[in-house]
Amino acid sequence: MNLLYISPMVIDYDNLDGVARKILFQKEAFEKFAGKNSVYLASYFGDGGFRVVGENRNTEIQYSKKGSRQLELLEIYPQIPAVCDELRIKAVYFRIFALSWASDKMFNELKKRGIRIAVEIPTYPFWKEKWMDVLDKARRASMPTALKRTISNIVYYCYAKRLKKCVTTIVTFSDIKELWGVPVTGITNGYNFGSLAREKPLKAAGEDLHLLMVATVRNNHGADRVIKGLSEYINENKGRNVFFHIVGDGDAVPQLKKLICSLGNVDKNVIFHGFISGSELEKIYEIGDVGISTIGFHRLGVYYASPLKSKEYFAKGLPVVGTTVEHDIFASKSKRFYLAFPEDDTNIDITEICTFYEKLEKQGSTNQMIAGTASDDFSWENIMQPVYEKLKGESY
C-alpha cells in the first residue's frame, strides 16, 4: 500500500528539532509495514522548499513564498491530489497544522479517489492554548496579530467540524473515542530507540546530581517549578550538590533568568546552554543524570498527555521526572523509572528526586536497563501499527 505522510512542518536535516525527529520516526515505522519504496513524505525542508520525497522521489511543489505558512498552504494543498494520482497513493497520514477551504478541498478530492485519511492532532485538547495565545498577543498591544489568530481559530473550528465527511480516523494522544464525529485512534508518543544507551551504572549517593531539561522552554514546560524547588533545597542545605541544565531557547527564558536573580541562591546551580544539537547535545546528555519532562501541562488545561521528551530521556538511559498527566507511562514497565509530581504549580521537591535516584542506584539500575525497558514499551513501530491497520481498512 502506497502511503503519503503530509506534514507542513520544517524538516531541516542539519538542525532537526524534536517535532521533525518524531515525523521521521513515524515515517520509518510506516516503512516497516508498507516497505521503504511505498512511503512518501510531503513537507517543508531546510532550504524553504516544499517537496514530496521518497526512496526514489524528490519533487518540488511550486508555491509563492508569502512569509506565512497558512497562506502558502492555500497553494500547496490543492496540488496534493494530483501527486497522489501519480504515486498511486492509497492512504494519507496528515499531521494537522491549519484547516481552511484548501485543506477541505484536498480532503474531498482524496475521498473521491477512495484514499483513506488519518489526521493527527499532536496536542489535544488545544483550544485553551490557542485562545491564551490570542490574549497574550492582545496584552502585548499586538492587536492585528491577535485579530488574525482569532479569525484563524474560528476558521479552524468551522473546518474541523467538516472532517467527518472525509476522514477515516483522527489520531491523538488522549483517551477519547470520537472527535468532531470522527472515530479516534489513541496513540502515545514513542521514540526510535536504535542502539541503546551505553551500559553505565547510576551515580552513588553523595555525587553531584545533574537534572536536564531539553525543550523550547515555554511556560508550560514548568522549569520555574524546578528552579524554585532547587532554591528551597539549597536553603535547607540537604547534602549532595544538584545542578539544573536547561537546553533550548524559548520565550520563557528571560522570565526564568529574572526568577533566578530574584531568588538569589541558584545562579551557580542553573545552567542555560541555549539551543544546541548534534554532538554538542549528546555531550550534555552524557552529563545528565535525570531528565525533566514537561511539568506545566495544566497551564494549557491539559491533563492527559504523552510528551515525546520523556521517551527521548528514556532512550538516553535517564530516569525521568514528570507529572501525573503521562498515563501511558503508568501503564508500562517503564513506570519504575518515572517519578510523578502533581500537575499543578507547586515547587518540585528536589530531595524527593534525590531519594528516587538513590533508590534506583541501590537496585542496580543502569542506563542501558532504562533504555531497554522503554524500547519495549514505546517503539514507534508498535505505536503506529493500529493506525496503519486502520488506513489499510482492517480492524485492529
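Right, let's walk through the structure included here.

**Some words on the overall build of the protein**
Part 1: The secondary structure content of the protein amounts to 14 helices and 15 strands.
Part 2: Its C-alpha radius of gyration of 22 Å places the protein within 12% of the 21 Å reference for a compact globule of 396 residues.
Part 3: Taken along the three principal axes of its C-alpha coordinates, the protein extends 65 × 50 × 40 Å.
Part 4: Looking at the protein as a whole, 52% of its 396 residues are labelled buried.
Part 5: Residue pairs in contact within the protein that sit at least 24 positions apart in sequence constitute 71% of those at least 6 positions apart.
Part 6: Accessible surface computed for the protein: about 17,700 Å², of which carbon and sulfur atoms make up 50%.
Part 7: Taking the 53 positively charged and 48 negatively charged side chains of the protein as two groups, their mean positions are separated by 6 Å.

**Things to note about the pattern of salt bridges**
Part 1: With the rule as written, the count across this model stands at 21 salt bridges.
Part 2: A salt bridge links aspartate 289 to lysine 203, with the shortest nitrogen-to-oxygen separation between them at 3.0 Å. A residue pair is termed long-range when its members are at least 10 positions apart, and aspartate 289 in the loop between α9 (278-287) and β13 (290-292) and lysine 203 in the loop between β9 (182-186) and β10 (209-214) qualify at 86 residues.
Part 3: Judged by its relative accessible area of 7%, aspartate 289 is buried.
Part 4: Among the charged side chains, a network of salt bridges with common partners joins Asp85, Glu109, Lys112 and Arg113.

**Topic: the packing of helix α1 (residues 18-34) against helix α14 (residues 380-392)**
Part 1: Where α1 meets α14, the axes come as close as 9 Å, and the angle between the chain directions of the two elements is 65 degrees. The angle between α1 and α14 falls in the class roughly perpendicular. As α1 runs across α14, the sense of the crossing is right-handed. Within the contact between the two elements, α1 uses Lys22, Phe25, Gln26, Ala29, Phe30, Lys32, Phe33 and Ala34 and α14 uses Trp380, Glu381, Met384, Gln385, Val387 and Tyr388.

**Remarks on the sheet that holds β9**
Part 1: The nine strands are arranged β4-β3-β2-β1-β5-β6-β7-β9-β8 in an open sheet whose pairing can be described as mixed. Where the open sheet ends on each side, the last strands, each with one partner, are β4 (57-61) and β8 (178-179).
Part 2: Bridge analysis of strand β1 (residues 3-11) against strand β5 (residues 91-95) gives four bridges, and the strand direction is parallel. Counterpart to isoleucine 6 in the pairing with β5 is phenylalanine 94.
Part 3: The sheet contacts of α1 involve β1, β2 (39-45), β5 and β6 (116-121), and relative to β1 the element is tilted by about 165 degrees.

**A look at the pairing of β10**
Part 1: Most of β10 is tucked away: six of the six residues are buried.
Part 2: As judged from the six bridges shared by β10 and strand β11 (residues 242-247), these two strands associate in the parallel manner. Directly across from leucine 211, in β11, lies its bridge partner phenylalanine 244.
Part 3: Taken together, β10, helix α7 (residues 223-236) and β11 constitute a β-α-β crossover, and its handedness is right-handed.
Part 4: Alignment of β10 against β13, held across two bridges, turns out to be parallel.

**A word on the sheet that holds β11**
Part 1: Across the sheet, six strands lie side by side as β12-β11-β10-β13-β14-β15; this open sheet has parallel pairing. With one partner strand each, in any of the chains shown, β12 (270-274) and β15 (338-341) form the two edges of the open sheet. Each neighbouring strand pair of the sheet contributes to a mean axis angle of 25 degrees, computed without reference to strand direction.
Part 2: With four bridges joining them, β11 and β12 adopt parallel strand pairing. Counted as the bridge partner of histidine 245 is isoleucine 271 from β12.
Part 3: Running at roughly 160 degrees to β11, α7 makes contact with β10, β11, β12, β13, β14 (320-323) and β15 of the sheet.

**With respect to the environment of valine 290**
Part 1: Counting through the fold element by element, valine 290 comes out in strand β13.
Part 2: Residue class for valine 290 comes out buried when judged on its relative accessible area of 0%.
Part 3: Along the primary structure valine 290 and threonine 373 are separated by 83 residues, whereas in three dimensions their C-alpha atoms are 16 Å apart.
Part 4: Other than its neighbours up to four places away in sequence, valine 290 contacts His210, Leu211, Leu212, Leu318, Pro319, Val321, Ile353 and Tyr357.

**A look at the nonpolar core**
Part 1: If you look at the biggest cluster of nonpolar residues, it comprises 81 residues, and the most contacted ones within it are Tyr93, Leu211, Phe244, Ile350 and Ile353.
Part 2: With sequence-adjacent residues up to four places away left out, leucine 211 is seen in contact with Val226, Val242, Phe243, Phe244, His245, Val290, Ile292, Ile350 and Ile353.
Part 3: Core analysis: the next-biggest nonpolar cluster, separate from the first, contains 39 residues, Leu73, Phe94, Ile115 and Ile170 among them.

**A few points about the packing of aromatic side chains**
Part 1: A full pass over the atoms with the stated rule returns 14 aromatic pairs.
Part 2: Joined through ring pairs, the aromatic side chains of Tyr5, Phe30, Phe33, Tyr93 and Tyr388 make up one cluster.
Part 3: Here lysine 257 stacks its cationic end above the ring of phenylalanine 272, 5.3 Å away from the centre of that ring.
Part 4: Its end group placed over the ring of phenylalanine 378, lysine 311 keeps NZ or CZ at 5.0 Å from the ring centre.

What counts and how
- Residues numbered from 1 in each chain as written.
- Predicted model: local features only at pLDDT ≥ 70, side-chain atom pairs only at ≥ 80, totals over all residues.
- Heavy atoms only, no water.
- Helix = DSSP H or I, 4+ residues; strand = E, 2+ residues; numbered from the N terminus.
- Rg over C-alpha atoms; globule rule 2.2 N^0.38 Å.
- Buried < 20%, exposed > 50% of the residue type's maximum accessible area, 1.4 Å probe, protein only.
- Contact = heavy atoms within 4.5 Å.
- Areas by Shrake-Rupley, 256 points an atom, 1.4 Å probe, with all protein chains shown as cover.
- Lys, Arg positive; Asp, Glu negative; His and termini not counted.
- Charge placed at Lys NZ, Arg CZ, Asp CG, Glu CD.
- Salt bridge = Lys/Arg side-chain N within 4 Å of Asp/Glu carboxyl O.
- Axes fitted to C-alpha atoms, helices over the stretch in contact; angles between N-to-C directions.
- Parallel < 35°, antiparallel > 145°, perpendicular 65-115°, else oblique.
- Left-handed = near helix turned anticlockwise from the far one by under 90°.
- Pairing = 2+ DSSP bridges.
- Right-handed = clockwise from strand over helix to strand, strands pointing away.
- Core = buried A, V, L, I, M, F, W, Y, C linked by side-chain atoms within 4.5 Å.
- Phe/Tyr/Trp six-rings, centres within 6.5 Å; stacked < 30°, edge-to-face > 60°.
- Lys NZ or Arg CZ within 6 Å of the ring centre and 35° of its normal.

These values are about where atoms sit, not about what they do.
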